[in-house]
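This is what each chain is made of:
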Amino acid sequence: MPRDLFPPQSRAGIDDVVILGGGLAGLFCALKLAPRPVTILAAAPIGEGASSAWAQGGVAAAVGEGDSIDRHVADTVAAGAGIVDRKIATLMASEAAARIEDLLAYGVPFDRDAAGHLVVGREAAHSERRIVRVHGDMAGAAIMAALIAAVRKTPSIRILSGFVGEAVQADGPSVTGVVVRRAGPRSRPVVFPARALVLATGGIGRLYAVTTNPAPAEGGGLAMAARAGAKLADTEFVQFHPTAIAVGKDPAPLATEALRGEGAILVDDTGARFMPAEHPDAELAPRDVVARAIHRRLVAGHKVFLDCRKAIGAAFPERFPNVAARCREAGIDPVADPIPVAPAAHYHMGGVLVDANGRTTLDGVWACGEVASTGAHGANRLASNSLLEAVVFSARIAEDIHGLLPSPVNAPWPERNDARARAAAEPDSRAVSLLRQTMSTHVGVERNASGLRHALATFADLEAKARQPRLLNMLAVAKLVAAAALLRTESRGGHYRSDFPAPDPAWQHRTFISLAQADAIAEGARASMHDLGMEA
Ligand code: SIN
């Protein structure tokens, strides 16, 4: 049985807000909740396990000359391929400038020109230069460094790392806490009581064999919410970044889209540039178009490279220090050599359904960042809208919690450092390797009905033998993605079905799926495979 790690008497006077996840959304929410006491539970030492710290793009915000909130919304809606919630996208774009001000106040050193104006960069599918950056491609690392420093200076915030979320604990319809487990093979589940639980656990990249996400991005928060009965949205929509650096590393280092924004081109192993024939915007076409074009060449046995020599050349290390360092580690000199690239699972547009205040359909549970599905991204997220969404909606959650819970007694935590820090990454078991390979092969850049059924049957088979809660959660999310992908018999945004290659107007809407539905679809796939005498 899970036990209460901090019995109620030891917490007298302390408000019970627990944030699960120590990335941008979690830290920003905690800062906005201050001075209300908050516990952040993170899988890895703070700053180490979060995708946010690896973000190379920046924060999209209509702060450049000639830009407008309307244009930002229009680009977001266009990228989202017909199913963006315009109201939510408008709210997000409208609050961008204020959140950039907040980040500046927390000490984020966004790039400025000689006149002191914020420098804005260009990325694919943005009609304007709109990406607020730090030293070219260091935005994620710099934002996280500033917020970690701010959080450490805030006495109301307690950080405990090395805890992996396992389940939402509820009494009837209301949350009462969160069940977590320390990293390590023989750890026992423990409960952190909570009147308000904020899920900020990040995405699902690690469910794929090739991903740009760090190890903790394995969908834990999504699985927990699904098991507790939360409504989930758009789970079939996964974004594959076209240009992960293909040097066999797991996770795969990223070559930011900003490189293509600055004129870098994609070539195959014959040196031929292929994107102009694929889309009028060539290398700056929507991510799914570029990812598919690269994927098809790789499947046909070619190699693909990002050639930055002419567009960026000798300025590369100075302008893109992060990518330059990743290249150096892999023995590539981007000034002299084209960079080998391949698509990699990068971002989940789907997630736990939330409203404009980040409320899930579970009483007392909020979600923000990649684990949430606000509707702002539709079927395909616009570059650099993810950090923006994280700060806009985590701030709104804090506001909502302030309004709902009585004023805190404001007792600072007696112990508030992350002394329990321990990396949560564990080597892949055979089951995890099979899950990840199956997701990449059958639930990846291109999908079809037979591959999706095969994947679902594989997940059901693995689940029948699985005991570990963490593996069971990964399998639950894999099923939610594959089942929704099987149901959507069309192609739209990040979801491409080779057996239904066109968009279908009848499918121009968001989708909602429960774990029970996904289970039933997976069991059906497993039964028919076994009837046919086929092993999944
Ligand atoms: C990139 O820099 O290419 C990634 C930015 C993003 O995913 O928004």
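Calculation criteria
Residues numbered from 1 in each chain as written. Predicted model: local features only at pLDDT ≥ 70, side-chain atom pairs only at ≥ 80, totals over all residues. Heavy atoms only, no water. Pairing = 2+ DSSP bridges. Helix = DSSP H or I, 4+ residues; strand = E, 2+ residues; numbered from the N terminus. Buried < 20%, exposed > 50% of the residue type's maximum accessible area, 1.4 Å probe, protein only. Arc of directions from axis to C-beta. Contact = heavy atoms within 4.5 Å. Disulfide = S-S within 2.5 Å. Axes fitted to C-alpha atoms, helices over the stretch in contact; angles between N-to-C directions. Parallel < 35°, antiparallel > 145°, perpendicular 65-115°, else oblique. Left-handed = near helix turned anticlockwise from the far one by under 90°. Nonpolar A, V, L, I, M, F, W, Y, C, P; charged D, E, K, R; others polar. Phe/Tyr/Trp six-rings, centres within 6.5 Å; stacked < 30°, edge-to-face > 60°. Lys NZ or Arg CZ within 6 Å of the ring centre and 35° of its normal. Near = heavy atom within 4 Å. Polar contact = N/O pair within 3.5 Å; in protein donor to acceptor, adjacent residues only side chain to side chain.

Enquirer: I'd like a rundown of the sheet that holds strand E17 (residues 351-353), residues and numbers included.
Expert: Paired through their backbone hydrogen bonds, the strands of a sheet run either parallel or antiparallel. Here four strands make up an open sheet; going across it, the order is E19-E17-E12-E20 and the pairing mixed. The strands lining the two open edges of the sheet, one partner per strand, are strand E19 (372-373) and strand E20 (512-513). Strand direction decides the pairing type here: strand E12 (residues 232-233) and E20, joined by two bridges, are antiparallel. Across the sheet, residue Ala233 finds its bridge partner in E20, namely Phe512.

Enquirer: I'd love a proper account of helix H4 (residues 96-105), names of residues and values included.
Expert: Where H4 is concerned, the buried positions are Ala96, Arg99, Ile100, Asp102 and Leu103. Seen along its axis, H4 keeps its buried residues to an arc of 155 degrees; they face one direction. The exposed set on the far side of H4, more than 90 degrees from its buried face, consists of Glu101 and Ala105. Taken together, the buried residues of H4 touch helix H1 (24-33), strand E4 (59-60), helix H3 (86-94), strand E6 (131-132), helix H5 (139-152) and helix H11 (385-404).

Enquirer: I'd like a rundown of the state of the cysteines, residues and numbers included.
Expert: By definition, a disulfide links two cysteine residues through a covalent bond between their sulfur atoms. One pass over the structure, following the stated rule, counts zero disulfides. Summary of cysteine pairing: Cys308 is not part of a disulfide, and the nearest cysteine sulfur, belonging to Cys327, is at 7.6 Å. Overall, the relative accessible area of 1% leaves Cys308 in the buried class. The exposure class of Cys327 is buried, given its relative accessible area of 0%.

Enquirer: An account of the packing of helix H12 (residues 430-442) against helix H14 (residues 469-487) is requested, with residue identities and associated values reported.
Expert: One can describe the packing of H12 onto H14 by two numbers: an axis separation of 11 Å at closest approach and a directional angle of 15 degrees. The angle between the axes of H12 and H14 places the two elements in the roughly parallel class. Judged by the twist between their axes, the crossing of H12 over H14 is left-handed. Taken together, the residues of H14 that come into contact with H12 (itself represented by Ala431, Val432, Leu435 and Met439) are Leu471, Met474, Leu475, Ala478 and Val481. In terms of residue class, the contact of H12 with H14 is built from nine nonpolar, no polar and no charged.

Enquirer: Explain the packing of aromatic side chains to me, using residue names and the numbers behind them.
Expert: Applying the stated criterion to the full structure yields four aromatic pairs. The ring centre of Phe512 lies 4.8 Å from the NZ or CZ of Lys231, which sits over that ring. The aromatic ring of Tyr347 is capped on one face by Arg381, whose charged end is 4.1 Å from the ring centroid.

Enquirer: Tell me about the site of the ligand, and please be specific about residues and values.
Expert: In the vicinity of the ligand, the residues found are Gln56, Gly57, His241, Leu254, Thr256, Glu257, Arg287, His346, Arg381, Ala383 and Ser384. In this structure, an oxygen atom belonging to the ligand sits 2.7 Å away from a side-chain N or O atom of His346. Taken together, the residues of the shell around the ligand sort by class into two nonpolar, six polar and three charged.

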